[in-house]
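Chain by chain, the residues run as shown.
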Amino acid sequence: MLRGLEFDIAHLFSSSVLILSFGLLYQRRLFGVLQIYALQALAVACAAAWQAYAQAYPQLYVTAAIALVFKAIVIPVAFHHIVLRLHIHREIETVVGVNMTLLFGVALVALSILLVLPMTTTSGNLTRENLALALSVLLLGLLMMISRRNAVSQVIGFLSLENGLILAAIGVKGMPFVVEMSVAFSVLVAFIVFGMFFFRIRERFDTLDVHYLEAFRGERH
Amino acid sequence: MLSFLLQLVQLLLVLLLAPLLTGFVRTLKARLVGRRGPSPAQPYRDLWRLLRKEAVVAENASWVFRSAPSLVFALSWLAAALVPTFALDLPLLRAADLIALVAILGSARFLQALAGMDVGTSFGGIGSSREMMIASLAEPAILLVIFTISLFIHSTMLPHIAGFVLAGEVGIRVSLGLALIALIMVAIAETGRIPVDNPATHLELTMVHEAMVLEYSGRHLALIEAGQMVRLLFFVSLIAAIFAPWGIAEASTAEGVGLVGIGLALYLGKVFAGGLLLALFETGIAKMRVFRVSEFLAGALLLSLLATIFLYVSQSL
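Note that this is a predicted model, so its numbers are computed, not measured. (Residues numbered from 1 in each chain as written. Chains lettered and ligands numbered in written order. Predicted model: local features only at pLDDT ≥ 70, side-chain atom pairs only at ≥ 80, totals over all residues. Heavy atoms only, no water.)

Trainee: Which parts of the structure should I look at to understand the overall build of chain A?
Mentor: Along its length, chain A carries 8 helices and 0 strands. Element order for chain A, N to C, with α for helix and β for strand: α-α-α-α-α-α-α-α. For chain A, whose C-alpha radius of gyration is 18 Å, the value lies close to the compact-globule estimate of 17 Å for 221 residues. Overall size of chain A, expressed as C-alpha extent along the three principal axes, is 65 × 35 × 30 Å. Evaluated residue by residue, chain A yields a buried proportion of 51% over its 221 residues. (Helix = DSSP H or I, 4+ residues; strand = E, 2+ residues; numbered from the N terminus. Rg over C-alpha atoms; globule rule 2.2 N^0.38 Å. Buried < 20%, exposed > 50% of the residue type's maximum accessible area, 1.4 Å probe, protein only.)

Trainee: What's the story with the overall build of chain B in this structure? I'm lost.
Mentor: Looking only at helices and strands, chain B has 11 helices and 0 strands in total. What you see for chain B is a C-alpha radius of gyration of 20 Å, in line with the 20 Å of a compact globule of 317 residues. Expressed as lengths along the three principal axes of its C-alpha atoms, the size of chain B is roughly 60 × 45 × 45 Å. The buried share of chain B, reckoned over its 317 residues, is 55%.

Trainee: Help me understand the interface of chain A and chain B in this model?
Mentor: Where the parts come together, the accessible area they lose is often given as the size of the interface. If you look at the interface, chain A gives 24 residues, while chain B gives 20 residues. If you sort the residues of chain A by the area they bury against chain B, Asp8(A), Tyr26(A) and Val106(A) come out on top, with a joint share of 23%. Between Arg28(A) and Glu295(B) there is a salt bridge, and its shortest N-O distance comes to 3.0 Å. For the pair chain A and chain B, the number of links is 1 residue pair in polar contact (both at pLDDT 80 or more). Looking at the side of chain A that touches chain B, the elements that each hand over two or more residues are helix 1 (2-26), helix 4 (98-119) and helix 5 (125-147) of chain A. Along the lines of polarity and charge, the residues of the side of chain A that touches chain B split into 16 nonpolar, 4 polar and 4 charged. (Contact = heavy atoms within 4.5 Å. Buried area = accessible area lost by both parts, 1.4 Å probe. Salt bridge = Lys/Arg side-chain N within 4 Å of Asp/Glu carboxyl O. Polar contact = N/O pair within 3.5 Å; in protein donor to acceptor, adjacent residues only side chain to side chain. Nonpolar A, V, L, I, M, F, W, Y, C, P; charged D, E, K, R; others polar.)

Trainee: Explanation requested: the side chain of Gln27(A) in the structure shown.
Mentor: All names here are of chain A. With respect to the helices and strands, Gln27 occurs in the loop between helix 1 and helix 2 (30-55). Among the polar contacts made by the side chain of Gln27, one reaches the main-chain amide nitrogen of Arg29 at a distance of 3.3 Å. Residues contacting Gln27, with those up to four places away along its chain left out, are Gly32, Val33, Ile36 and Arg148.

Trainee: Looking at this structure, I do not really get the packing of helix 4 of chain A against helix 5 of chain A. What am I missing?
Mentor: Between two packed helices, both the angle of their axes relative to each other and the distance between the axes serve to describe the pair. Residue and element names in this part refer to chain A. Contact geometry of helix 4 with helix 5 gives a least axis separation of 8 Å together with a crossing angle of 145 degrees. The two elements helix 4 and helix 5 cross, and the hand of that crossing is right-handed. Residues Thr101, Phe104, Gly105, Leu108, Val109, Leu111, Ser112, Ile113, Leu115, Val116 and Leu117 of helix 4 pack against Arg128, Leu131, Ala132, Leu135, Ser136, Leu139, Leu140, Leu143 and Ser147 of helix 5. Across the contact of helix 4 with helix 5, the residue classes break down as 14 nonpolar, 5 polar and 1 charged. (Axes fitted to C-alpha atoms, helices over the stretch in contact; angles between N-to-C directions. Left-handed = near helix turned anticlockwise from the far one by under 90°.)

Trainee: Explain empty space enclosed by the protein here, please?
Mentor: Rolling a probe over the atoms, with the probe sized like a water molecule, indicates the empty space that remains. One pass over the structure, following the stated rule, counts 6 cavities of 30 Å³ or more. By volume, the largest cavity amounts to about 140 Å³. Lining the largest cavity are 18 residues, and of these Glu131(B), Glu190(B), His209(B), Gln228(B) and Arg231(B) sit closest to its centre. For the lining of the largest cavity, the secondary-structure elements that each account for two or more residues are helix 3 (63-82), helix 4 (98-118), helix 5 (122-153), helix 7 (174-190) and helix 9 (218-243) of chain B. It is helix 9 of chain B that provides the largest number of residues to the lining of the largest cavity, a total of 4 residues. When its residues are assigned to classes, the lining of the largest cavity shows 6 nonpolar, 7 polar and 5 charged. Taken together, 10 residues line the second largest cavity, and the ones lying closest to its centre are Thr63(A), Ile66(A), Ile166(A), Glu180(A) and Ala184(A). Contributions of two or more residues to the lining of the second largest cavity are made by helix 3 (59-86), helix 6 (151-171) and helix 7 (177-205) of chain A. Its residues assigned to classes, the lining of the second largest cavity shows 6 nonpolar, 1 polar and 3 charged. (1 Å grid on protein atoms, 1.4 Å probe; cavity = no way out; pocket = protein on both sides within 12 Å on 5 of 7 lines; lining within 4 Å. Points joined across faces, edges and corners; volume = space filled by probe spheres on them.)

Trainee: I tried to follow helix 2 of chain A on my own but got confused; where do I start?
Mentor: For the α-helix, the turn length of 3.6 residues means that residues three or four positions removed from each other point alike. Its 26 residues give helix 2 of chain A an end-to-end C-alpha distance of 37 Å, which sits within 8% of 38 Å, the value for a rise of 1.5 Å per residue. With its phi angle positive at about 50 degrees, Ala56(A) sits one or two positions after the end of helix 2 of chain A. (Expected span 1.5 Å × (residues − 1).)

Trainee: It is not clear to me how the environment of His202(B) should be interpreted in this structure. Could you clarify?
Mentor: Counting through the fold element by element, His202(B) comes out in the loop between helix 7 and helix 8 (209-212). Separated by 12 residues in sequence, His202(B) and Leu214(B) place their C-alpha atoms 9.2 Å apart.

Trainee: Even after reading the chapter, I still don't get a nonpolar patch on the surface, so can you show me in this structure?
Mentor: All names here are of chain A. Nonpolar side chains collect at one region of the surface, where Leu39, Leu42, Leu68, Val69, Ile73, Val74 and Val77 lie side by side and expose about 540 Å² of accessible area between them. If you list the elements that add at least two residues to the nonpolar patch, you get helix 2 and helix 3. It is helix 3 that provides the largest number of residues to the nonpolar patch, a total of 5 residues. With respect to the helices and strands, the residue Val74 is situated in helix 3. Taking the relative accessible area as the measure of exposure, Val74 reaches 37% and is therefore partly exposed. (Patch = residues over 30% accessible without salt bridge, like charges linked within 9 Å, V, L, I, M, F, W, Y side chains within 5 Å. Areas by Shrake-Rupley, 256 points an atom, 1.4 Å probe, with all protein chains shown as cover.)

Trainee: Looking at this structure, I do not really get the pattern of salt bridges. What am I missing?
Mentor: It is possible for side chains of opposite charge to pair when their charged atoms get near one another. All names here are of chain B. Tallied over the entire structure, the rule returns 9 salt bridges over all chains. Note that Glu282 is salt-bridged to Lys29, the shortest N-O span being 3.1 Å. Placement of Glu282 in helix 10 (residues 257-284) and of Lys29 in helix 1 (residues 2-32) is noted, with a sequence separation of 253 residues between them. Of the residues examined, Glu282 reaches a relative accessible area of 2% and is grouped as buried. Across the salt bridge formed by Glu282 and Arg193, the nearest N and O atoms sit 3.0 Å from each other. Of this pair, Glu282 sits in helix 10 while Arg193 sits in the loop between helix 7 and helix 8, and the two are 89 residues apart along the sequence.

Trainee: Help me out: how do you make sense of the layout of surface pockets in this one?
Mentor: By volume, the largest pocket amounts to about 1400 Å³. Forming the walls of the largest pocket are 42 residues, and the residues nearest its centre are Ile181(B), Met185(B), Phe281(B), Ile285(B) and Phe296(B). Of all the elements in the fold, those that place two or more residues in the lining of the largest pocket are helix 1 and helix 2 of chain A together with helix 7, helix 9, helix 10 and helix 11 (293-316) of chain B. Its residues assigned to classes, the lining of the largest pocket shows 31 nonpolar, 5 polar and 6 charged. Put simply, the second largest pocket is a space of about 690 Å³. Every element with two or more residues in the lining of the second largest pocket is listed here: helix 1, helix 2 (42-52), helix 8 and helix 9 of chain B. Per-element tally for the lining of the second largest pocket: the top contributor is helix 9 of chain B, with 5 residues.

Purely geometric stuff here, so don't read any function into it on its own.
Dropping the structure here:
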């Protein structure tokens, strides 16, 4: 019975990460995107803490704490400040419509399930399902990056992709802790670099719509 | 014999409870925004007043226009009577198939849209076309929810579904949670509540249901309003019967009358809890543009599709 309940709760957390990915694709307003991203990081933290308890693997508690502090609190709050300072809290336009994006998203989820489940027949149930969901979150993050024009939401897509990586890492038994630490810190570094780029792009083009970057050929005329 | 009696009780119960639920939601919404609001019994008075008034019918209205209110009301009432509310072994419940219920509601909607176009005014036409747009998006979503539930429980019969959930073999199921959210979104669209349609407005640019029934008056309007109230109660009872059937009496024998009483009390509790949640939700959210409704319902469709996928995954492991 406990085995079943453990599985169900892990299933609940990792699927809520996936559903929040769909929420990111659906949401158009920038603050809404940030809030959903914070919720997703919170769900990843819960999933990590639950896996730490279920696998009796205390290092995962540190992963959960990192996800909670940095990704659910620090990064969303910092982005909030950036968005306020750049005065870009208006609607996001998407390249293809929301409905089409959501349909693509469902197709990607089906693809990753069909891909992962036959490949991992030797692993445990929890690992297999976690891997399938993590791959879907990763692909949805990529989809978010290509379907948005605003640089901030593209970066949120990148960060939710990284949430998928963490989700994959916590499902695997005996993942070295160094790997997770380095992923977490590289995300922080990436965040700082992105933040600087926002201000640079904004200074140069007066907008964060990366569409304008395509025609730009440097300083030469 | 007793079960026939209880079926009769349920038939009357849904009819009498529906205006009270609507009035309760209205009063609660008024209180939540700081107004006093009418008493919860106001819909009864409105219906009574409308029933005594003369029905004014346009000159070029055909029999479709005149017969639609009674048919729509009868179909909605039938649908609400088919949902298990406080007892499971009522005679009509043998027909309580989810797909049949969707078909009944679909026919009611079809008749209503036909009647909206019958007189030929532009408002009726616009209301009907919008209603059909919402229906064409809501019906795939509700069917997919039904498929998810029936894949899991292996039945589309409501009494079986309620019995299965009552037996307690379900546990925490993500796919059922998703199906619940999708069903709530569809129910909001089907009953014309706030993010999709505003039941309290006659603003010409946004109204859907109100535009369709603009030509009606007197007893016709009373029947249509009552049908709409019964439809709201139907969706609340449906969600309660599938996802929270606890307290429903499984057998209505003579010695089980106490259980039936408990079921009745709990059913009333569930209905008013549903009304409370609806009022809170409607107060906290703004109505969306008509053309964003397709995104809202595509979200419901997507959630039910995800529910099916999750179910497939956890069963194929």
